[in-house]
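Structural overview for review
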Amino acid sequence: MSPHNKKVVGSGLVWVRWHFCLEFACSPMFARVSSGLSLGSPVSPTVQRGVLSVKWCCSDNEDLFEGYDSIVADSSFLAKLEDVELQTRQCYDQQTPNACADDLSDSMLAEDFRDSSPRALPSSQLEFQKAITMPHKSPSRGAPSSSTPYLMNPGPAVNHADLSVHKPHPKARRSMKDHLKKVLMDNAATASTVSKMVQQKEAVMNEEMSFAMQAMESITSEGDLGPFFGLPSKVKDLIFRLKGIQDLYEWQKTCLSLDSIQQRRNLIYSLPTSGGKTLVAEILIFKELLCRKKDALLILPYISLVQEKVRGLSSFGIELDFLVEEYAGSKGKFPPVKRRNKNSLYITTIEKGHSLVNSLIENDRLDNIGLVVVDELHMLGDGSRGAILEMTLSKILYMSKSTQVIGMSATLGNVKDLQSFLRAENYTNNFRPVELKEYVKIKDSIYEVDPKEEACFTFSRLLNFKYSSGMQKMDPDHIIALATEVIPQQSCLIFCATKKNCENLAGMICKYLNKEFIKHKEAEKATLLGELKSSGNGSLCPVLQKTIPFGLAYHHSGLTSDERKLVEEAYSSGVLSLLTCTSTLAAGINLPARRVILRSPYVAADFLKRSQYKQMVGRAGRAGIDAMGESILILQDKDINTAKNLLCAPMEKCYSNLLHDGGRGLLSLILSLIGLKITTTVEQVKDLMKGTLLSVQEAQVSPEKSLWDLTVESIQTLKQKNLIEVSSDENNQNILQITRLGRATYKGSVDLSYCDVLYRDLSKGLEGLLLNSFLHLVYLVTPYDMVHQCKPDWMIYFRQFTNLSAAEQKMATTVGVPESFVARKAAGQSVRKSVDVVVVNRLYLALVLFSLLKETNLWIVSERFQLTRGFVQTLLSSASAFGSSVLHFTEELEEFWAYKALLSELTRRLTYCVQAELIPLMEVSGVLEHRAKQLYSAGYKTLAHLANADPQTLVQTIENLFKKQAYQIIASAKMLLTEKAEALQEEVDDLLMLPLDLPSL
């Protein structure tokens, strides 16, 4: 925009602001809006939106009146009023009142603004200007025609001619300044009445606000739209109230003020763990939703993180009037519901985010997404999940030029590659809110890690713990002593190589702790044990029963979701002071500690990667509580040299995983490109592939084959699998088209390795589908990728098989597992007839799920099949997610129409696996079975009950529920209720909408 045009737009905006604000302030509607906002009385939606738009999109410091912010303080304006008043008095003395009436029209304002007419004004302002410049005329109803602020209270029109006949000349007249003040005060006190004039003024206000917003958008480069990084002050207040954050760190302020942020360019910013990266992303998301009125997409690596973020941001959504929609596991609607009146924040896992982007592209709605934020961007280098993330981002970059991409990442060694891929700028900072000191322990000595030193380690102190011979034998690494230096007053995390090590270590520590540990928060720990027992329907893990009285617990995937949540909440509140855990805790929700101990430099049998190490030690130091955080890595002599390389080596590099596992990612990408009609020729596919991370890293990732060769090979493979086909157009050019099976595969996000097997199983199932039992359907949605994670116990297999009905046993035989085979295996006899091992194992897992659906008691089922309850929980959630994929797969194939209704209900049952009455409560993010039972027993039986609950009452009624949790649960329930209501309203609007293609004569 040229400087001249900026000046024109600017002057037009000033003109609109002055006239709009003065007219609005002097109107009766001002009284209704101001009283509604201050006293909580109802305000019409139109006015409310208009007022909120002003409040949210304009700086609190901005002078909306451009010199007329305070009329009383403006001497020039008041001087003009005094001049007019003097002329009026002279007029009454020397002329007729009618002449004076004309003088009192808009001449004063017209004189000031006649020469500064803005361009492209809305119709209301054109009428306003026209009314100023044209002679005064009375409308038919006698209302004044002037479009200047109407200074009189609503009432019958007064004829100026009548004034000269019936009214005597006033003896003492109030000052015009005083009169103006009185009118403003009277209007502010005017009762709320809805008249045609008020409605017209509301319409004018909305039109003028729309014009002002457009003008402001055209000059966004000249200044912020609000005082808090482009946002209203209310957002800053909410961050303080809901998060307890009063001010931002300096690096956060710097990052939010970057040119790349202001000009909406893509950005990657990298900081250590716990540096405060997420808050910056949330502020940018709020800005996109509130100021640009666009939807936003937040991609997180794990379901637990999605649920935590949905709970945390629902309160903001309620306060700021946007929707928070969860896409994780089996949750999420494709395509998402169209929202006319509200914008949505989609919070997704990597897999669900990919499916969501596909559905938006297919429905030509990707441009509705104004901002995409990716947490843990370095996950691009994480196997098949990294490939899915790369596919998602490649499509967004290719299809939408208006969508901004923000990536949060740990510090990487090759961040320039990611910059090239995302066409992004980079911001890096080493800030940590709490200083971190890293140590290693070798025998009886503690050394501080110092990469600048040649030896990498600097001696710090000698340990002198007084251990008995028995204790020394049980704890040769002095873990108990290291832990008791900080607990129970402060917290400690101990990372172990395996799940079994976690449980054993927690039990061992308890044996040697002083009995005084039991007295610390004894009542709270007793309550926690009761909650854990209740969540297990009367069952309690014997290890936790022993360790929790001492303030200790273990944390790994072997716990149920309810157990994990209770343990995490107890640790966060200080009831538990020590957790023994696996590396998954470091990658999950944020549970910081004063001291972090790494039991060994291994994860299972693999030596630690630098990124894993940094993630673990990054949990040390609690902002606002600790002045410093410590990490201690325990080393044996054989691991010292390898550990030095780990601690002193440069950061790891992130590489494309599209070629991971035989190039499955590349195959999936090309299949979806053709299915979505993003590309229809080989050349177009090649053009898009140039925008992938694989293209940037072609020389390192695929030195033997070029990207072009890989692309051509992948297309041939897809043709061989009957997922795509090639045809010719009128110009005899080869056109790539997707087949029915290919469409079902990418729409269902089904792994290409299993798509043909799934089609075969579903087709075979139709030949004799068992409908009087869930077993057959459960078998069809049992995940293929979990088959090799469990070996059947043949005696248990045979026992469960014999408990099946005759129809169910017949179904098992049909899929390929006859009773005779199971009986011979249980008896230890050899089996001559070959049987498909995958089918046998899959049916075993299906029996586990089938029992779970009938019992809904995870503890009983895990004991019955001699499996860990954590594995059973994982199996259940995987089956739920795969069931959702199979449902979308069958919807694209007409021959599988019968599965649609059946799989829909089964997926819903697998998602919650509880009594039917608890499902509405468990739909609320973060409410698991145990909490749902508590709520239901307390009388909160529906979503509406929960959404309208009083937080104080909830805390007093529900045992072990903290105030913050109560607020989050209620906010999540309100958000879910709002989403459902909005979806129904959208459906009603669509039904009642007049068709655009309605035939006419």
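Residues numbered from 1 in each chain as written. Predicted model: local features only at pLDDT ≥ 70, side-chain atom pairs only at ≥ 80, totals over all residues. Heavy atoms only, no water.

As annotated in an unreviewed UniProt entry, the chain is Helicase POLQ-like isoform X1 from Danio rerio.

1. Here's the deal with the pairing of strand β9 (residues 445-449)
Examined bridge by bridge, strand β8 (residues 435-442) and β9 share four bridges and lie antiparallel to one another. Bridge assignment links I442 to a residue of β9, and that residue is S445. Hairpin connection from β8 to β9: two residues lie between these consecutive antiparallel strands, with K443 at a positive phi of about 55°. For β9 and strand β10 (residues 457-462), the ladder comprises five bridges, and the chain directions are antiparallel. Paired with Y447 across the bridge in β10 is F459. (Pairing = 2+ DSSP bridges. Helix = DSSP H or I, 4+ residues; strand = E, 2+ residues; numbered from the N terminus.)

2. Considerations on the sheet that holds strand β5 (residues 369-374)
As summarised here, the arrangement of the seven strands in space is β3-β4-β2-β5-β6-β1-β7, forming an open sheet in which the pairing is parallel. Edge positions in the sheet fall to β3 (323-327) and β7 (425-428), since each of these pairs with one other strand and no more. In this sheet, adjacent strand axes meet at a mean angle of 15° when their direction is disregarded. With four bridges connecting them, strand β1 (residues 267-270) and β7 associate as parallel partners. From the neighbouring strand, Y269 faces β7, where its bridge partner is Y427. Contacting β2 (295-300), β3 and β4 (344-349), helix α15 (residues 303-320) crosses the sheet at an angle of about 160° to β4. (Axes fitted to C-alpha atoms, helices over the stretch in contact; angles between N-to-C directions. Contact = heavy atoms within 4.5 Å.)

3. As for the sheet that holds β8
Taken in spatial order, the eight strands make up an open sheet running β10-β9-β8-β17-β14-β11-β13-β12, and their pairing is mixed. Edge strands, defined here as strands with exactly one partner in the open sheet, are β10 and β12 (552-555). Neighbour to neighbour, the strand axes of the sheet diverge by 25° on average, direction disregarded. Across four bridges, the pairing between strand β11 (residues 492-495) and strand β14 (residues 595-598) is parallel. What sits directly across from C492, in β14, is R595. Relative to the sheet, helix α27 (residues 610-617) contacts β8, β11, β14 and β17 (628-635), its axis offset from that of β14 by approximately 145°.

4. Side note on the environment of N772
Relative to the helices and strands, N772 resides in the loop between α35 (755-767) and α36 (775-780). By relative accessible area, N772 is classed as exposed at 63%. Note: C-alpha distance between N772 and A807 (35 residues apart in sequence) is 8.5 Å. (Buried < 20%, exposed > 50% of the residue type's maximum accessible area, 1.4 Å probe, protein only.)

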